[in-house]
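Structural overview for review
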Amino acid sequence: YATTSSGNNSVSATNATSFSVVTGSLPAGISGSTSGTTYTLSGAPTTRGSYSFSLRATNSDGNATPDQTFSGSVTHPPLWIDETLAGFSQGRSYSDAVSVSTSTAVTWSITSGSLPVGITATTSGTNTNTYTLAGTPTGSGAYSFTIQASNGDGTLTKTFSGNILLVPNWTDNILGSFVDNVEYS
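Residues numbered from 1 in each chain as written. Predicted model: local features only at pLDDT ≥ 70, side-chain atom pairs only at ≥ 80, totals over all residues. Heavy atoms only, no water.

1. Digging into the overall build of the protein chain
Within the protein chain, the regular secondary structure consists of zero helices and 15 strands. A compact globule built from 185 residues would reach a C-alpha radius of gyration of about 16 Å, whereas the protein chain, at 29 Å, exceeds it by more than 25%. Judged by the C-alpha coordinates and their principal axes, the protein chain covers about 110 × 35 × 30 Å. Residues classed as buried in the protein chain amount to 27% of the 185 residues present. Long-range pairs, those at least 24 residues apart, make up 55% of the contacts in the protein chain with a sequence separation of at least 6. If you sum the accessible surface of the protein chain, you get close to 11200 Å²; carbon and sulfur atoms cover 48% of it. Counting 4 positive and 9 negative side-chain charges, the protein chain places the centres of these two groups 15 Å from one another. (Helix = DSSP H or I, 4+ residues; strand = E, 2+ residues; numbered from the N terminus. Rg over C-alpha atoms; globule rule 2.2 N^0.38 Å. Buried < 20%, exposed > 50% of the residue type's maximum accessible area, 1.4 Å probe, protein only. Contact = heavy atoms within 4.5 Å. Areas by Shrake-Rupley, 256 points an atom, 1.4 Å probe, with all protein chains shown as cover. Lys, Arg positive; Asp, Glu negative; His and termini not counted. Charge placed at Lys NZ, Arg CZ, Asp CG, Glu CD.)

2. Thoughts on the sheet that holds strand β15 (residues 154–164)
Pairing within the open sheet is antiparallel, and its three strands lie in the order β11-β14-β15. Where the open sheet ends on each side, the last strands, each with one partner, are β11 (107–114) and β15. On average, adjacent strands in this sheet sit at an angle of 20 degrees to one another, irrespective of strand direction. One ladder, built from seven bridges, connects β11 with strand β14 (residues 141–151); its direction is antiparallel. Looking at the pairing, serine 114 lines up with serine 144 of β14. (Pairing = 2+ DSSP bridges. Axes fitted to C-alpha atoms, helices over the stretch in contact; angles between N-to-C directions.)

3. Quick look at the pairing of strand β4 (residues 30–35)
In this sheet, strand β5 (residues 38–43) lies alongside β4 in antiparallel orientation, the contact comprising six bridges. If you follow serine 35 over to β5, its bridge partner there is threonine 38. What sits between β4 and β5 in their antiparallel hairpin is a turn of two residues, with glycine 36 showing a positive phi close to 65 degrees.

As structure tokens, then:
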């Protein structure tokens, strides 16, 4: 998760000895602590959505006025879980996938280049966090393609390139019968 409002993770008020959240609440997973005249937020937000809270700075003589209000959004852009693919071999069955972590649906696409001939890419049912490449490469030579994963909170891209391997394939795999005490040739 990430916050869309950017800036410091702390605020300060001259002569303040304590800070308190007086309306709203900090995003889930975030806590605040006072050190001298500074209030520092830390942690990792755990829930996607909007937040708003007002912070009050105080000391024994009173409150700073007005209270300071902070608002923004906690987002969950896709983050790579698996961003590697095995190499391709001509004529060999292939299945591998890339995947992301996010709490919202992901749209996948090939944004540049193309998959090797014989390979297709799909998502599986309601699991849009995984993009599976499968098939049997029929061509040879170099390949290069870029996969993109997007949701309303962000976009990831990864380029894959290499050469389709030309591994040996049997063309004659039948041997004659062996007969006891008869020369085999």
